[in-house]
Amino acid sequence: MFQSFDALTDPNQGPARVAKLRERMSESQIDGFLVPRADEHQGEYVAACSERLQWLTGFTGSAGAALILRDRALIFVDGRYTLQARKQVDMDTFAVESLVDNPPARWLASNASAGMRIGFDPWLHTVSEAAALRSALENAGAELVPVDNFVDAVWTDRPAPPAEKIEIHPIGFAGELASDKVARLAEALQSQNATHAVLTDPSSLAWVFNIRGRDVPHTPLALGFAILAADGLPQLFLDRAKLTIETDAYLTQLADILPPDALEDAVARLAAAGGRISLDPSLAADRLRMIVEDNGGTVLQLPDPARLPRAVKNEAELAGSRAAHRRDGAAITTYLHWLDQQAPGTVDEIGAVKALEAFRRTKGEESQMPLRDISFDTISGAGPNGAIIHYRVTTKSNRKLQAGELFLVDSGGQYQDGTTDITRTVAVGQPSEEMRSRYTIVLKGLIALSMLRYPVGTRGMDIDPIARHAHWLAGIDYAHGTGHGVGAFLSVHEGPQRIAKTGTEKLLAGMILSNEPGYYKEGGYGIRLENLIVVTDPQPIPGGDIDMHGFETLTLAPFDRRLIALDQLSAAERDWIDAYHQRVIAEISPLVEDEVRSWLEAAAAPL
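Rules and cut-offs
Residues numbered from 1 in each chain as written. Predicted model: local features only at pLDDT ≥ 70, side-chain atom pairs only at ≥ 80, totals over all residues. Heavy atoms only, no water. Domains from an automatic or database assignment. Contact = heavy atoms within 4.5 Å. Buried area = accessible area lost by both parts, 1.4 Å probe. Salt bridge = Lys/Arg side-chain N within 4 Å of Asp/Glu carboxyl O. Polar contact = N/O pair within 3.5 Å; in protein donor to acceptor, adjacent residues only side chain to side chain. Nonpolar A, V, L, I, M, F, W, Y, C, P; charged D, E, K, R; others polar. Helix = DSSP H or I, 4+ residues; strand = E, 2+ residues; numbered from the N terminus. Core = buried A, V, L, I, M, F, W, Y, C linked by side-chain atoms within 4.5 Å. Buried < 20%, exposed > 50% of the residue type's maximum accessible area, 1.4 Å probe, protein only. Pairing = 2+ DSSP bridges. Axes fitted to C-alpha atoms, helices over the stretch in contact; angles between N-to-C directions. UniProt positions renumbered as here; feature names shortened; annotations may be inferred. Phe/Tyr/Trp six-rings, centres within 6.5 Å; stacked < 30°, edge-to-face > 60°. Arc of directions from axis to C-beta.

A.B. asks: I tried to follow the domain arrangement of the chain on my own but got confused; where do I start?
C.D. replies: As assigned here, the chain comprises domain 1 (11–154), domain 2 (167–309) and domain 3 (312–596). The C-alpha-based centres of domain 1 and domain 3 are spaced at 33 Å. On the side of domain 3, 11 residues touch domain 1, which itself brings eight residues to the contact. Note on domain 1 versus domain 3: buried area summed over both sides is about 860 Å², and carbon and sulfur give 59% of it. Counting across the domain 1 and domain 3 interface gives zero salt bridges. For the interface between domain 1 and domain 3, the tally reads two residue pairs in polar contact (both at pLDDT 80 or more). Grouping the constituent residues of the side of domain 1 that touches domain 3 by class yields three nonpolar, two polar and three charged.

Structure below.
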């Protein structure tokens, strides 16, 4: 199994660990210390040695931060994790705050007192985060103080850093030689009058150099850094123990390979030589800014030069993604058939996860494209657990799929040709009319985006309300974005593209995103439906004046017809569902067994 079901944390451990942290704060004359859910690379998935927030608080979500003061402690989480945080942390020790509406910088602006000294590890906060914190504290007469990490000092059994082997990502899947990518980015740096750019995001390293690794859970990344040059060979900062003879020889042709601990000196030398060094303020550690400025260099706050090219998939990457989704769709359809055969109360959440992974493994083996990993821990939420947006089942929380409930399963696979992410919600037994109505509203949101045509220059934030239109008419909403970017055998959550209030990036042809509206009734049930979609080239509209982008749907698996309230759908919406289901039948039927094929033909029959 790629997924563990152990309860990773215990809220009762929090008070003692916070007490030890406060002892360190006192010794260093620090009034508060910030603990972000981040590593030096600002990735969503981090190695075990970087799970500082989890170790300190018990919170296992992928986004959050803690602020430990002398007399109180706070944990900041977004809307996806509000319920989860209350279950996982000691509520007598921590107060829960909103990471979105009242993040640490805003909270400190309102609550810091003059003379207060707030410590932070500058390797774990981005340039922009540190600037916001510094401004908030200075306005209050307080100070942001860079310090060695206090959590590391008291975490006595902290795991060692990962050192998994790196592999070359074949050109047939990458679609472009690494040497050509390096040359393309060098030209971009020249056009921006930058001498160098520091790549801190391992996804960018993986994309630029056509490599993949196993350093973090569920995402094929090798942790490291790179310095790209406008003129000259890049420098790649990787633990050489991760390299085989083959990968060492391959990478040596592309870059000078140096150990990770050589990065600070390398940046300092470039800065001292008058370097104009590009740092992405939303990704690069503030420590790098400090090194450049302290050594006389110039920081250019520019986006990671690989981020947008990586987001716009080439034809090889898109072909791989389509193949991965057909394979994954066969596994999901086989799983949904299996689930439909189980009597209510006989399957639990963990059993459902194990069955799904087994079907993915089988379909991967049949197609000679093995399942490399799951793309994230499967969210397997029965009944009220489905209302916890990023629920992770453990042996302690595991429950049966009971009659009259809904079951939400959000999962994905990592294959060498693509990354998948799909959510389906199914009825266990007879659903209530409220469940059917809410499910249909969510489905309407998914269909609205799927059918959308929109002009060049449209951003994710411009179309996010379209997926919520039916929700708002019913007086409901959901506390997460509608869509995130997805990589090509890379991170299942990829930027800069997203469909959300914060989605400021223009949508470009070739970008892959999720389309996943939802509804969550605390203590009752959760509903989410998710397909992956890719932005298509602008095309003319019959009789229109402007070429328009659209979306191609990649995901192939049926929706639960038992939960669709036909009277809530327009004729166009019904036609879309019927056409989608006919496509699912056509593409998935050849990949499944006869019994599953017969079930699919009934499950995806015209409404």
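A.B. asks: Help me out: how do you make sense of unusual backbone geometry in this one?
C.D. replies: Glycine aside, a negative phi is what most residues show, and trans is what most peptide bonds show. With omega at 10°, the peptide bond leading from Gly495 into Pro496 counts as cis. In this structure, Pro496 sits in strand 23 (residues 494–499). Positive phi, close to 55°, is recorded for Gln29, a residue that is not glycine. Following the sequence through the fold, Gln29 ends up in the loop between helix 1 (14–27) and strand 1 (32–36). Its identity as a non-glycine residue notwithstanding, His218 has a phi of 70°, on the positive side. Relative to the helices and strands, His218 is located in the loop between strand 9 (211–212) and strand 10 (225–229).

A.B. asks: Looking at this model, I keep getting lost on the nonpolar core. Mind explaining?
C.D. replies: The nonpolar side chains of a soluble globular protein tend to be buried with one another. One finds Tyr335, Phe407, Tyr439, Leu443 and Phe559 to be the most contacted residues of the largest nonpolar core, which totals 49 residues. Of all elements in the fold, only helix 14 (315–341), helix 15 (349–366), strand 17 (405–411), strand 20 (422–428), helix 16 (433–451), strand 26 (525–528), helix 18 (571–588) and helix 19 (594–603) reach the threshold of two or more residues within this core. Take this core: its biggest share by element is seven residues, from helix 16. Setting aside residues no more than four positions away along its own chain, Leu443 makes contact with Leu529, Phe559, Ile564 and Ile577. By size, the runner-up hydrophobic cluster in this structure holds 37 residues, among which are Ala178, Val182, Val216 and Ala255.

A.B. asks: Which parts of the structure should I look at to understand the sheet that holds strand 1?
C.D. replies: Across a sheet, strands are paired by hydrogen bonds formed along the backbone, either parallel or antiparallel in direction. With mixed pairing, six strands are arranged side by side in an open sheet as 4-3-2-1-5-6. Strand pairing shows two members of the sheet lacking a second neighbour, strand 4 (94–98) and strand 6 (143–146), which therefore form its edges. In this sheet, neighbouring strand axes are inclined to one another by 25° on average, regardless of whether the strands run parallel or antiparallel. As defined by bridge partners, strand 1 adjoins strand 5 (residues 117–120) across two bridges and the pair is classed as parallel. By the bridge assignment for strand 5, Phe33 is matched with Gly119. Relative to strand 2 (residues 65–69), helix 1 is tilted by about 60°, and along the sheet it contacts strand 1, strand 2, strand 3 (73–77) and strand 4. Along the sheet face, helix 4 (residues 104–111) touches strand 1, strand 2, strand 3, strand 4 and strand 5 and points at about 25° away from the line of strand 2.

A.B. asks: What exactly am I supposed to notice about the sheet that holds strand 13 (residues 276–279) here?
C.D. replies: Pairing is mixed across the open sheet formed by six strands, whose spatial order is 12-11-10-8-13-14. Both outer strands of the open sheet, strand 12 (256–258) and strand 14 (298–301), are each paired with one neighbouring strand and no more. On average, each strand axis in the sheet is tilted by 25° relative to the strand beside it, whichever way the strands run. Judged from the four bridges that link them, strand 13 and strand 14 form a sheet pairing that is parallel. Across the sheet, residue Leu279 finds its bridge partner in strand 14, namely Gln301. Against the sheet, helix 11 (residues 263–272) makes contact with strand 8 (196–199), strand 10, strand 11 (235–237) and strand 13, and its axis sits at roughly 20° relative to strand 10, the strand it touches most.

A.B. asks: Whenever I open this one, the pattern of salt bridges confuses me. Can you help?
C.D. replies: Opposite charge on two side chains permits pairing when their charged atoms draw close. If you walk through the whole model with that rule in mind, you get 36 salt bridges. In this structure, the salt-bridge partner of Arg184 is Glu176, at a minimum N-O distance of 2.7 Å. Exposure remark for Arg184: the relative accessible area of 37% places this residue in the partly exposed category. Between Glu293 and Arg289 there is a salt bridge whose closest N-O contact spans 2.7 Å. Placement of both Glu293 and Arg289 in helix 12 (residues 286–294) is noted, with a separation of four residues, approximately one turn of the helix.

A.B. asks: Hey, could you run me through the UniProt feature "domain: Peptidase M24" (unreviewed entry) in the chain in this one?
C.D. replies: Taking the numbering used here, the UniProt-annotated feature "domain: Peptidase M24" (unreviewed entry) corresponds to residues 322–537. With 33% helix and 25% strand, the stretch residues 322–537 has end C-alpha atoms that lie 17 Å from each other.

A.B. asks: Where do I start with the side chain of Thr200 in this structure?
C.D. replies: Position of Thr200 relative to the elements: it lies in the loop between strand 8 and helix 9 (202–209). Among the polar contacts made by the side chain of Thr200, one reaches the main-chain carbonyl oxygen of Leu283 at a distance of 3.4 Å. Not counting the four nearest positions on each side in its chain, Thr200 is found in contact with His41, Gly224, Phe225, Leu283, Ala284 and Leu288.

A.B. asks: Where do I start with the packing of aromatic side chains in this structure?
C.D. replies: The geometry of an aromatic ring pair is captured by two quantities: the separation of the ring centres and the angle between the planes. Counted according to the given criterion, the structure contains 11 aromatic pairs. Here Phe33 and Phe150 contribute two aromatic rings whose centre-to-centre distance is 4.8 Å and whose plane-to-plane angle is 40°, an arrangement assigned as tilted. With a gap of 117 residues between them, Phe33 in strand 1 and Phe150 in helix 6 (residues 150–154) connect regions that are remote in the sequence. For the pair Phe33 and Phe150, a shared accessibility class is recorded, and that class is buried. For the pair Phe59 and Tyr81, a centre-to-centre distance of 5.4 Å together with 85° between the ring planes defines the contact as edge-to-face. Of this pair, Phe59 sits in the loop between helix 2 (52–57) and strand 2 while Tyr81 is found in the loop between strand 3 and helix 3 (82–88), placing the two residues 22 residues apart along the sequence.

A.B. asks: Looking at this model, I keep getting lost on the pairing of strand 20. Mind explaining?
C.D. replies: Consecutive side chains along a regular strand alternate between the two faces of the sheet. Counting buried residues along strand 20, seven of its seven residues qualify, which places the element largely inside the surrounding structure. Burial along strand 20 is two-sided: Ile422, Arg424, Val426 and Val428 facing one way and Thr423, Thr425 and Ala427 facing the other are all buried. Two strands pair when backbone bridges link them, and strand 17 and strand 20 are joined in this way by seven bridges, in the antiparallel orientation. Counterpart to Val409 in the pairing with strand 20 is Arg424.

A.B. asks: Can you help me understand the side chain of Asp560 in this one?
C.D. replies: Within the element layout of this structure, Asp560 appears in the loop between strand 29 (551–553) and helix 18. Judged by its relative accessible area of 9%, Asp560 falls in the buried class. Within the structure, Asp560 has its side chain in polar contact with the side chain of Arg562 (distance 2.8 Å). Excluding residues within four positions of it along the chain, Asp560 makes contact with Thr425, Val426, Ala427 and Tyr439.

A.B. asks: What am I meant to see in helix 19 here?
C.D. replies: Counting along an α-helix, one turn takes 3.6 residues, and residues three or four places apart therefore face a common direction. By the burial criterion, the buried members of helix 19 are Val596, Trp599, Leu600 and Ala603. Burial along helix 19 is one-sided: seen end-on, the buried residues are contained in an arc of 100°. Within helix 19, the exposed residues directed more than 90 degrees away from the buried face are Asp594 and Ala602.

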